[in-house]
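Remarks on the overall topology
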Amino acid sequence: MELVLNQKLETVPEPIEVSHFTTNGLLNSNYKSIVKLNFSKSTPKSIFGIRQRIKSSQLRKVNHTAVILKLSVFAIALIALF
């Protein structure tokens, strides 16, 4: 295998600048509208409806012990830093 030093190189045209930022987000609007429609039409007897009711009831409850514990750990860490 030989190395050729005096070889003419091809000229490559400059690439067209493409914007990498989109305003549509990760999901396209057609998919979003289908998901929203299915979410609003979910029946309480479907598996999805049952799961959503369980999740919403769990999210409404506040575990006061966990909140107090998290705040106390944060306060101790804050005091330890200063």
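Residues numbered from 1 in each chain as written. Predicted model: local features only at pLDDT ≥ 70, side-chain atom pairs only at ≥ 80, totals over all residues. Heavy atoms only, no water.

**A look at the overall build of the protein chain**
Stated precisely, the cut-off is as follows: Secondary structure elements are taken from DSSP: a helix is a run of H or I of four residues or more, a strand is a run of E of two residues or more, and numbering for both begins at the N terminus. Each accessible area is a Shrake-Rupley estimate made with a 1.4 Å probe; only the visible protein chains count as cover when residues are assessed.
Of the regular secondary structure elements, the protein chain holds 3 helices and 0 strands. For the protein chain, the succession of helices and strands along the chain, N to C, is α-α-α. Counting every atom, the protein chain has about 9000 Å² of accessible surface; 65% of that belongs to carbon and sulfur.

**Topic: helix α3 (residues 64–81)**
To be explicit about the condition: For a helix, the expected span equals 1.5 Å multiplied by the residue count minus one. The classification of residues rests on relative accessible area computed with a 1.4 Å probe and restricted to protein chains. Under 20% of the type maximum is buried, over 50% is exposed, and intermediate values are partly exposed.
Over its 18 residues, α3 runs 26 Å from end to end, which matches the ideal 26 Å to within 8%, given 1.5 Å per residue. Among the 18 residues that make up α3, 0 are buried, leaving the element largely open to the surroundings.

**A closer look at the confidence of the model for the protein chain**
As a reminder of what qualifies: Confidence of the prediction at every residue is given by pLDDT, a number between 0 and 100.
Looking at the protein chain as a whole, its pLDDT mean stands at 76, while 72% of the residues score no less than 70. Taken element by element, the predicted model of the protein chain shows its lowest mean pLDDT in helix α1 (residues 29–40) (76) and its highest in α3 (93).

**Examining a nonpolar patch on the surface**
Short version of the rule: A patch is a set of surface residues, each over 30% in relative accessible area and not in a salt bridge, joined within 9 Å for like charges and within 5 Å for the nonpolar side chains Val, Leu, Ile, Met, Phe, Trp and Tyr. When a carboxyl oxygen of Asp or Glu lies within 4 Å of a side-chain nitrogen of Lys or Arg, that pair is called a salt bridge.
A contiguous nonpolar patch, built from Phe74, Leu78, Leu81 and Phe82 and spanning about 540 Å² of accessible area, is present on the exposed surface. The residue Leu78 is located in helix α3 in this model.

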